Amino acid sequence: MTHARNAAMALLALLLLVAGAWVSWDSAQHVLLAKGREHGTLTVTGCDEKTCGGRYTPEDPASARRTLTIARSVAARSGETIPVVVKPDTNEGVRAGWGGGLHAWLPLGGALLLAAPLIGGGLRLTRTAWSMAGAGGALLVAVFFTL
């Protein structure tokens, strides 16, 4: 019975971590592997519940100016200029730089925090759990201060 409980806890913790990394990678790949992608700045003109949009100015003068949207965050205000990387074949951007890179990994930080009690309480690996909770908390704090 103990082995089944440990296996279930380990599987659930692994599922949380894989899901957090998977969701994070959707945005993080554009920031971390930005070489060869279109870069520029977005001047935010307005926000709705989920996205902010505005006028995009590319770094490459040959590219056309257009409107872009980014995922809404607390740090995006109307009139603010944000460095962005454009997702290929879309009109969607991802915040570039340290702030954008850390913001992209935010779901993984939450997954680390959620998995820590399962690892500490369910698997009795308290040091590992505290390390994971510390890493997740540090990521959340770093995102708060960089944005």
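Preceding this paragraph is the structure being described.
## Some remarks on helix H4 (residues 126-146)
With 21 residues, H4 extends 30 Å between its outermost C-alpha atoms, agreeing within 8% with the 30 Å of an ideal straight helix rising 1.5 Å per residue. Looking at the buried side of H4, the elements it contacts are helix H1 (2-32), helix H2 (97-104) and helix H3 (106-122).

## A look at the pattern of salt bridges
A side chain with one charge may pair with a side chain of the opposite charge, provided their charged atoms come close. Applying the stated criterion across every chain yields a total of 3 salt bridges. A salt bridge links Arg-66 to Glu-38, with the shortest nitrogen-to-oxygen separation between them at 3.3 Å. Taken together, the positions of Arg-66 in strand S3 (residues 66-71) and Glu-38 in the loop between H1 and strand S1 (39-47) put the pair 28 residues apart, joining distant regions of the chain. Accessibility expressed as a relative area gives 26% for Glu-38, which makes it partly exposed. Residue Arg-77 pairs with Glu-80 through a salt bridge whose shortest N-O separation is 3.8 Å. Relative accessible area serves as the criterion here: at 24%, Glu-80 is assigned to the partly exposed category.

## Here's the deal with the state of the cysteines
Counted by the stated rule, this structure contains 1 disulfide. Between the sulfur of Cys-47 and that of Cys-52 lies a disulfide, 2.0 Å long from S to S. Linking Cys-47 and Cys-52, the disulfide has an S-S dihedral of approximately 105° and is accordingly described as right-handed. Judged by relative accessible area, which is 34%, Cys-47 ranks as partly exposed. Classification of Cys-52 by relative accessible area gives buried; the value is 0%.

## Examining the packing of aromatic side chains
Counted under the stated rule, the structure contains 2 aromatic pairs. For the pair Trp-25 and Trp-105, a centre-to-centre distance of 6.2 Å together with 45° between the ring planes defines the contact as tilted. Here Trp-25 is found in helix H1, whereas its partner Trp-105 is found in the loop between H2 and H3, with 80 residues between them in sequence. By relative accessible area, Trp-25 is classed as partly exposed at 37%. In this structure Trp-105 comes out as partly exposed when scored by relative accessible area, which is 21%. A centroid spacing of 5.2 Å and a plane angle of 80° characterise the contact between Phe-144 and Phe-145, whose relative ring orientation is edge-to-face. Among the residues examined, Phe-144 registers a relative accessible area of 62% and is labelled exposed. Taking relative accessible area as the criterion, Phe-145 reaches 64% and is therefore assigned exposed.

About the thresholds
- Residues take numbers from 1 onward in each chain, read along the sequence in its written order.
- Under the rules for a predicted model, residues below a pLDDT of 70 receive no local features and side-chain atom pairs below 80 are neither given nor counted, while totals for whole chains, interfaces and linings still include all residues.
- With hydrogens and water excluded, all non-hydrogen atoms of the structure serve as input to the side-chain values.
- In this text, helices come from DSSP runs of H or I with a minimum length of four residues, and strands from runs of E with a minimum of two, each type numbered from the N-terminal end.
- The length a helix should cover is 1.5 Å for every residue beyond the first.
- Two residues qualify as a contact provided that any one of their heavy atoms is within 4.5 Å of a heavy atom in the partner residue.
- For this analysis, a salt bridge means a side-chain nitrogen from Lys or Arg found within 4 Å of a carboxyl oxygen belonging to Asp or Glu.
- Each residue's exposure class comes from its accessible area (1.4 Å probe, protein chains only) as a fraction of the maximum for that residue type: buried when under 20%, exposed when over 50%, partly exposed otherwise.
- For this text, the term disulfide refers to a pair of cysteine sulfurs within 2.5 Å.
- Ring pairs are drawn from Phe, Tyr and Trp, using the six-membered ring of Trp, whenever the two centres fall within 6.5 Å, and their geometry is named by plane angle: stacked under 30 degrees, edge-to-face over 60, tilted for the rest.

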